[in-house]
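# Notes for the structure review
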Amino acid sequence: MSVNESPARNIIGNGTLIKGEIESNGDIRIDGKVVGSLRSTGKVVVGQNGSIEGEIHCKQADVSGYVKGSIIVDELTSLKSTSKVEGELTTKQLYIEIGAIFTGKCEMGKPEPPKEAPKFEKK
């Protein structure tokens, strides 16, 4: 595997504030604060001191901190005992530890594509 093909491993450190869009071709850990959208082809980890306000779309999510907004996870979402999540969560699988706080709406499984309405011909 060449250097350009290896997935990124990124850390947003404690005390760091990022406003805007983040796109990552790999895993990312948030120990600071992100206000905006975060897209990752890998795993998003929100540490105990980390927070995200906005939209998250990723392959896997592991939340120990605070998230407010829309979360779309292709595989597994884990809400640790120290997590606080407010908003809409769409995920294939969900694991919630005792002590985690989740307020909002959750949809699990693979959403079915909308069915096309039947067409009626005029006579």
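Note that the coordinates shown come from a computational prediction; the quantities given were computed from them, not determined experimentally.

Let us look at the environment of Lys43. In this structure, Lys43 sits in strand β5 (residues 43–46). Along the sequence, Lys43 and Arg29 sit 14 residues apart, while their C-alpha atoms lie 8.3 Å from each other. If near-sequence neighbours (up to four positions away) are discounted, Lys43 is found in contact with Gly26, Asp27, Ile28, Gln60 and Asp62.

So, about the side chain of Thr91. By the element assignment, Thr91 lies in strand β9 (residues 84–96). Residue Thr91 is classed as buried on the basis of its relative accessible area, which comes to 1%. A polar contact of 3.1 Å, which involves the side chain of Thr91, links it to the backbone oxygen of Glu75. Thr91 has contacts with Val73, Glu75, Leu76, Thr77, Glu107, Met108 and Gly109, leaving out every residue within four places of it along the chain.

Attention shifts here to the pattern of salt bridges. Inspection of the entire model under this criterion finds seven salt bridges. The salt bridge involving Glu97 is made with Lys80; its shortest N-O contact spans 4.0 Å. Taken together, the residues span a long stretch of sequence, with Glu97 in the loop between β9 and β10 (101–108) and Lys80 in the loop between β8 (66–79) and β9 at a distance of 17 residues. Across the salt bridge formed by Glu86 and Lys84, the nearest N and O atoms sit 3.8 Å from each other.

Position of Thr82 relative to the elements: it lies in the loop between β8 and β9. Given a relative accessible area of 38%, Thr82 falls into the partly exposed group. Each C-alpha atom, one on Thr82 and one on Ala100, is 5.7 Å from the other, the two residues being 18 residues apart in sequence. Beyond its immediate chain neighbours, meaning those up to four positions away, Thr82 contacts Gln48, Ser64 and Gly65. Among the polar contacts listed, one links the side chain of Thr82 to the backbone oxygen of Ser64, at a separation of 2.7 Å.

In this section: the side chain of Asp31. Within the secondary structure, Asp31 sits in the loop between β3 (26–30) and β4 (33–40). Asp31 gets classed as buried once you look at its relative accessible area, which sits at 16%. A polar contact is formed between the side chain of Asp31 and the side chain of Arg29, at a distance of 2.9 Å. Leave out the neighbours within four places in its chain, and Asp31 touches Ile11, Ile12, Gly13, Asn14, Gly47, Asn49 and Gly50.

Calculation notes
- Residues numbered from 1 in each chain as written.
- Predicted model: local features only at pLDDT ≥ 70, side-chain atom pairs only at ≥ 80, totals over all residues.
- Heavy atoms only, no water.
- Helix = DSSP H or I, 4+ residues; strand = E, 2+ residues; numbered from the N terminus.
- Contact = heavy atoms within 4.5 Å.
- Buried < 20%, exposed > 50% of the residue type's maximum accessible area, 1.4 Å probe, protein only.
- Polar contact = N/O pair within 3.5 Å; in protein donor to acceptor, adjacent residues only side chain to side chain.
- Salt bridge = Lys/Arg side-chain N within 4 Å of Asp/Glu carboxyl O.

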